[in-house]
Each structure stands twice: as structure tokens, then as C-alpha cells.
Amino acid sequence: MQVRQILGKTIALLLAMQLFLIGLQAKSRIDQGNSSLEALIWMTQQYISVLVKIRSLQDKREKNDSQK
């Protein structure tokens, strides 16, 4: 059980880091000359994929919890 909690916290940390890095990449895109709107659209696309991953992980966890 404790290993599972550590794994969950690690995954959460990695997803948070991914979101942070997306923000940095967007800033870099703006600095390279892309418009703010283009960077915002790109960020939104990236965030959606992260949210899909999070939802998938939640669904798997709920399924595993219900089987116990």
C-alpha cells in the first residue's frame, strides 16, 4: 500500500513538472516571435493531452479500487 502511495505522488509530481515545462516552452515560443495567441493555442493542446493522461490514471485507479 505504501509503495502505491509513493508511486501516485511521483506520478503527480511528474505531471506537475510536465505542466510547468509546457509553460516554459510557451514562453520560449513567444520569445522566438510566435504570437501570444499561437502560444496559447499550443499550450491548450498540450494541456489537454496531460488532462487526458490524468483522467486515464484516475479511471484505472477507480477500477482497481472497486475490484478490491
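Quick note: structure is the one above.
Now for a description of the structure that goes with this document. (Residues numbered from 1 in each chain as written. Predicted model: local features only at pLDDT ≥ 70, side-chain atom pairs only at ≥ 80, totals over all residues. Heavy atoms only, no water.)

### Looking at the pattern of salt bridges
Put simply, the test is: Here, a salt bridge means any Lys or Arg side-chain nitrogen found within 4 Å of an Asp or Glu carboxyl oxygen. Elements are defined by DSSP. Helices are runs of H or I of four residues or more, strands are runs of E of two residues or more, and each kind is numbered from the N terminus.
This model, assessed by the stated rule, comprises three salt bridges. In this structure, the salt-bridge partner of aspartate 65 is arginine 4, at a minimum N-O distance of 3.3 Å. Separated by 61 residues along the polypeptide, aspartate 65 in helix H2 (residues 36–67) and arginine 4 in helix H1 (residues 2–31) bring together distant segments of the chain. Arginine 55 is the partner of aspartate 59 in a salt bridge, and the nearest nitrogen-oxygen pair spans 3.0 Å. Taken together, the positions of aspartate 59 and arginine 55, both in helix H2 and four residues apart, correspond to about one turn of that helix.

### Description of a nonpolar patch on the surface
We apply this condition: Patch membership requires over 30% relative accessible area and the absence of a salt bridge. Like charges are linked within 9 Å, and nonpolar side chains (Val, Leu, Ile, Met, Phe, Trp, Tyr) within 5 Å. Here the accessible surface of atoms and residues is derived via Shrake-Rupley with a 1.4 Å probe, and residues count as covered only by protein chains that are part of the display.
Together, Leu13, Leu14 and Met17 line one region of the surface with nonpolar side chains, adding up to about 300 Å² of accessible area. Topologically, leucine 14 is positioned in helix H1.

### So, the packing of H1 against H2
Stated precisely, the cut-off is as follows: To get an axis, fit a line to the C-alpha atoms, keeping to the stretch in contact for a helix; angles then go from 0 to 180 degrees between the N-to-C directions. In what follows, roughly perpendicular refers to angles from 65 to 115 degrees, roughly parallel to angles under 35, roughly antiparallel to angles over 145, and oblique to any angle outside these ranges. Classification used: nonpolar for Ala, Val, Leu, Ile, Met, Phe, Trp, Tyr, Cys and Pro, charged for Asp, Glu, Lys and Arg, polar for all others including Gly.
Look at H1 against H2: their axes get within 8 Å of each other, and the N-to-C directions meet at 170°. Classified by the angle between their axes, H1 and H2 sit roughly antiparallel to one another. Residues belonging to the contact of H1 with H2 are distributed by class as follows: 13 nonpolar, six polar and five charged.

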